[in-house]
Amino acid sequence: MKLKELIDKFELKALTNIEDTHIKGVYLSDMLSDVMSRAESGSLWMTIQTHKNIVSVANLIDLSAIIITNGKNVPDGTIELANRFYVNILSSPLPTYELAIKLVEAGVK
Amino acid sequence: MQDESCKHLWKITNIKPCFIINEFCYKCKKNTTYFSLEERPPIERYQEGEHFWNTLGYDQSIRFDLQCKKCGKLVKMEELAGLMMCTGCEDNCKVYSLMKELEKERTWVYVAFGFLPFDETKQLDKEQISVLEDYFNQRRKSSTSKIKIVSGDLIENFSLCYGNIIKDVDMLSSKPPEN
């Protein structure tokens, strides 16, 4: 599935400019060091972390997008940095677990 | 068996969760960082010879090594304290100059730095930095962007740098994160 299709299907809110890309998996974690060491390139990363460090990690391992769950507010500094480094950030009002179930049901794994 | 002609394909190995601890001695004004593998960050003040160490802060992080999937060569990363994404804070900085040059082709610059004090601890050598760069580029499946990793030596004054250090911020806070 491509990112823009995912945004439409799951009513995700794009917080940054979006560069469309193929999604190659999903990784759930709130620890940056864990994501840096284990997430696959091209994955969607679901987290409640909003610190601008998430941009450094997503850019380093080339994730397709970060989805901030639970409708958490994302600081302007994080969004500005993400736009500068072409990192896609999306937002969902759902908790991580609920959104993960919906993604699995839709065949995104 | 290690093969010098091997075109290495790196994987991450020996991953250990840890804390990176920052301490300061009020007597000699020395600032140090080190990894602790203990379950809880050591935050008590203590005396070590002439030094009176006080914890300034700590964050969760990881230690790891890199190993070639093909020939088994192991490159230890014991001197790596962290990675920092250059965000271009200081016009005269050599890293920022490099970033300005490379960002046109979507090559992003990260700084690999060692432990404090930089002039007293062994810093990463060229091979370690080159292997780190290869590892992260091999891991990226995108053909449109790359990673360039440089040594922390290029930054003249680290305390004036506003680059983005990859670390787990506020993970041990007793309060739930604010919405």
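In what follows, the structure referred to is the one given above.
Residues numbered from 1 in each chain as written. Chains lettered and ligands numbered in written order. Predicted model: local features only at pLDDT ≥ 70, side-chain atom pairs only at ≥ 80, totals over all residues. Heavy atoms only, no water.

Engineer: Before we go on, may I ask you to explain the pairing of strand 2 (residues 31-36) of chain B in this structure?
Structural biologist: Side-chain positions along a regular strand alternate between the two faces of the sheet. Residues and elements named next belong to chain B. Here six bridges tie strand 1 (residues 10-25) to strand 2, and the two strands are oriented antiparallel to one another. Bridged to Glu 23 within strand 2 is Thr 32. Here strand 1 folds back onto strand 2, and the loop between the two strands holds five residues, one of which, Lys 29, carries a positive phi near 70°. (Pairing = 2+ DSSP bridges. Helix = DSSP H or I, 4+ residues; strand = E, 2+ residues; numbered from the N terminus.)

Engineer: Help me out: how do you make sense of the packing of aromatic side chains in this one?
Structural biologist: All told, the structure shown has eight aromatic pairs over all chains when counted by the stated rule. Seen in terms of ring centroids, Phe 113 of chain B and Phe 158 of chain B are 5.1 Å apart; in terms of plane orientation they differ by 55°. Their pairing is tilted. On the criterion of sequence distance, the pair formed by Phe 113 of chain B in strand 7 (residues 107-113) and Phe 158 of chain B in the loop between strand 8 (146-151) and strand 9 (164-165) is long-range, its members being 45 residues apart. Both residues of the pair, Phe 113 of chain B and Phe 158 of chain B, count as buried. Here Tyr 135 of chain B and Phe 136 of chain B contribute two aromatic rings whose centre-to-centre distance is 4.8 Å and whose plane-to-plane angle is 65°, an arrangement assigned as edge-to-face. Take Tyr 135 of chain B: its relative accessible area is 4%, and that puts it in the buried class. An aromatic cluster of three or more residues is present, and its members are Phe 85 and Tyr 86 of chain A together with Trp 108 of chain B. The ring of Tyr 86 of chain A carries Arg 106 of chain B above its face, with NZ or CZ at 3.6 Å from the centroid. (Phe/Tyr/Trp six-rings, centres within 6.5 Å; stacked < 30°, edge-to-face > 60°. Buried < 20%, exposed > 50% of the residue type's maximum accessible area, 1.4 Å probe, protein only. Lys NZ or Arg CZ within 6 Å of the ring centre and 35° of its normal.)

Engineer: Where do I start with unusual backbone geometry in this structure?
Structural biologist: A negative phi angle characterises most non-glycine residues, just as the trans form characterises most peptide bonds. In this structure, Pro 117 of chain B follows Leu 116 of chain B across a cis peptide bond, with omega equal to -5°. Locating Pro 117 of chain B in the fold gives a position in the loop between strand 7 and helix 2 (126-139). If you check the backbone angles, Asn 70 of chain A has positive phi at about 65° while not being a glycine. Its place among the elements puts Asn 70 of chain A in the loop between strand 4 (65-68) and helix 4 (76-84). Its identity as a non-glycine residue notwithstanding, Asn 14 of chain B has a phi of 50°, on the positive side. If you trace the backbone, Asn 14 of chain B turns up in strand 1. Since its relative accessible area comes to 39%, Asn 14 of chain B is described here as partly exposed.

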